[in-house]
Structures are given as C-alpha cells and as structure tokens.
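Okay, here's what each chain looks like letter by letter:
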Amino acid sequence: MHRSRRSPRTRLAVLGLTLVLGALGACGLGAPGEKYSMPTGDTGTNTKSPLSNVGMESLSANRSIPVYWLGKTDGTVSLYREFVRVAGAADPIADSVRYILTEKPEDPDYFSLWHPSETVGASVSPDNVITIDISAKAFGAKLDAGLAERAIAQLVFTATAAASNAGILSEGLEPSVRILVDGQPDYAAFGHVALDHNFVRDPKLAAPLWVIDPQYGTTQKAGKVTFHGVSAKFSGGENWKITRRDSEEDPKPVVATGTLQTGDGALDHNEFSFSYVLAPGDYTFSLWGIDAGSNKALAKETKDFTVTK
C-alpha cells in the first residue's frame, strides 16, 4: 500500500443559470458577473465521511502533492482529492494552493470556484497554524453561502494536506488555517464567509467515497491493476464494478464486480486496496455505497483509465 497516496460525478446544475459548473474547465470561472448556487436538490452536508477531524495525509517521499476539488454527489457538493505533480515545486503549501487557484483537475467531473491568481504566500507556526495570503481577485466569483463555504473548505483541506504530506507539521497538534487577503485579515470571502478566525477541516464536507488509484485518465500496464481508495461505511455495504469502454457492445460489458473490504491488513480502517488482472483496453472503474433496505447507488465515483501492453 502506498501510504503517501491516501484519499475518495455528474455535472453541477446551477440554480437560475444557463451555465453548468461542471463545464467551466475548473481553472477559474470565465464569465464575470455570473452567479453560482448549490444544486436544486441540495441535501446539505454529507452525513457519511471517510475522514475524521485529525485524519491527515501521510508524509510523502515522492514529488506528488495533494490538492482538493469540488464535485457533485447525491444532491450536494463535496470535496474530492487528487495527487498532482508541479514542475519546480519549492513551497508545498503555496504550490498546492496556487494549483487549485490556477489549474484544473484531471477528472472532468471535478471543478473549482476560484478565479485565477498566482499570488500566494504561506507560512506555518510551531503550533500548526498555517497562514495563507492570497489576492482578493481570487474571490471574484459570485457564490451563494453553501458554495462559498465549500470553496473555503477546499483551500483549508488543500493547505493542511500539503503541510502534512510534506512533513512540516508538529506532531499531535491539529492544524488550522488562517486566511489573509492581500495581507489583511477579516475579509468576507465571496461575501458570505468571514475570515476572522482560524479554519479546521470539516469532515462532513468530504465525499463519502474516493478513488485514489487509478486516477482519471492514467495509463496502467497490462496485468495486475491496483484499485485503491477510501470509503465511509454504508449500512448496505459498498460495491465496485469494472467495465470496458472500447467495446462495440451496448451496454458496456462488465468485466468484474465485487464488494469492498476496508481496513484489511496494513490498511487504515477506511481504506481499500485490491488488484485485478486486466488485458489492454479502455476501462471504467465504478464505486458506490448502498443503504440497508435500498438498492439505490449512493456517492457513486467513477474513473476512466487505459491499460496498455
């Protein structure tokens, strides 16, 4: 198991708008003056989360850095994580935050609500207070209160993940994030969230299921392909499925199905990891939970990937 890579789709419909968030390219909202709101079917924050308040990323020896994005699931908007590589990365926290402000996620079902801004400062105190200083122009989108809360949570999760992943936090102290805007405190983020206090991770905003490996759009070698991720506990269990995308059959043929087992061996209680032998081709890995007494798929997460010789 790769301890340095722990982490869990439909487009986001926008109230009263003709623009869909999932089609924005996720590297800043292009049209100035547009307003963005939570989905019409919003059910509030998730009641299930694979994270605890202190569940942090592990120290990483590779050059990948963790970043968080937003994605729609079951009528609400939740946080999902990807690992990315940043050329010339020098400051893990500033580089991670700058990435979510200026880049787009690998998975097209994820998105970001920040306007592009290259200006990011970061520091960490001995008591694990991470101070982030970003430009006011990053807050250019007009969001409702729900999306404003999630955008701030995206920054908080990303900054704390980067610090933990880089091994620069003091052991035993929960990290918090202080957000400055152009060097000043007490800014009203997106007109809704007062930045007059330190922020910590809110586990309710994390998606219940994440796929860590394979990441969207990656290429794997034929043979044993590893499927790794994290999952909250659903009363009816959690299921997975692998389908072929490059087949002419309709519907797409199912290659394999199964149920998740979390916490086996050296895995944390919320982690799953298993391998399946695949021939060359284009595949989709799907993952979902079920509540007892219902067949409805919940928190469904999918990843497209390719297997080569």
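Rules used throughout
Residues numbered from 1 in each chain as written. Predicted model: local features only at pLDDT ≥ 70, side-chain atom pairs only at ≥ 80, totals over all residues. Heavy atoms only, no water. Salt bridge = Lys/Arg side-chain N within 4 Å of Asp/Glu carboxyl O. Buried < 20%, exposed > 50% of the residue type's maximum accessible area, 1.4 Å probe, protein only. Helix = DSSP H or I, 4+ residues; strand = E, 2+ residues; numbered from the N terminus. Phe/Tyr/Trp six-rings, centres within 6.5 Å; stacked < 30°, edge-to-face > 60°. Lys NZ or Arg CZ within 6 Å of the ring centre and 35° of its normal. Contact = heavy atoms within 4.5 Å. pLDDT = per-residue confidence, 0-100.

Quick notes on the pattern of salt bridges
When the charged atoms of two side chains lie near each other, side chains of opposite charge can form a pair.
So, point 1. Inspection of the entire model under this criterion finds seven salt bridges.
So, point 2. A salt bridge links Lys-204 to Asp-202, with the nearest nitrogen and oxygen atoms 3.1 Å apart.
So, point 3. By relative accessible area, which is 42% here, Lys-204 ends up partly exposed.
So, point 4. With a closest N to O distance of 3.9 Å, Asp-304 and Arg-245 form a salt bridge. Of this pair, Asp-304 sits in strand E18 (residues 298-308) while Arg-245 is found in the loop between strand E14 (238-244) and strand E15 (254-259), placing the two residues 59 residues apart along the sequence.
So, point 5. Residue Arg-245 is classed as partly exposed on the basis of its relative accessible area, which comes to 28%.
So, point 6. Three or more residues joined by partner-sharing salt bridges are found here, namely Asp-107, Glu-301 and Lys-303.

Examining the packing of aromatic side chains
So, point 1. The tally for this structure, following the rule as stated, stands at 17 aromatic pairs.
So, point 2. Between Tyr-68 and Phe-157, the ring centres sit 5.2 Å apart and the planes meet at 65 degrees, which makes this aromatic pair edge-to-face. Remark: Phe-157 occurs in helix H2 (residues 145-165) and Tyr-68 occurs in strand E2 (residues 64-73); sequence separation between them is 89 residues. Per residue, the accessibility class of Tyr-68 equals that of Phe-157, and both read buried.
So, point 3. Ring centres of Phe-139 and Tyr-187 lie 5.1 Å apart, and the angle between their planes is 45 degrees; on these two criteria the pair is classed as tilted. Within this pair, whereas Phe-139 is found in the loop between strand E6 (129-134) and strand E7 (142-143), its partner Tyr-187 is found in the loop between strand E8 (176-181) and strand E9 (188-189), the two being separated by 48 residues in sequence.
So, point 4. Taken together, the ring pairs connect Phe-227, Trp-240, Phe-272, Phe-274, Tyr-276, Tyr-283, Phe-285 and Phe-305 into an aromatic cluster.
So, point 5. Between Lys-300 and the ring centre of Trp-288, over which it is positioned, the NZ or CZ distance is 5.9 Å.

Topic: the side chain of Asp-95
So, point 1. Structurally, the position occupied by Asp-95 is in helix H1 (residues 92-102).
So, point 2. You can call Asp-95 buried: its relative accessible area is 12%.
So, point 3. Once residues lying within four places of it in the same chain are set aside, the contact partners of Asp-95 are Ile-65, Ala-89 and Ala-90.

Things to note about the confidence of the model for the protein chain
So, point 1. Mean pLDDT over the protein chain works out to 84, with 83% of the residues at or above the 70 mark.
So, point 2. Segment residues 1-28 is flagged for pLDDT under 50; beyond a separation of four residues in sequence, or across chains, it makes 111 contacts in the model.

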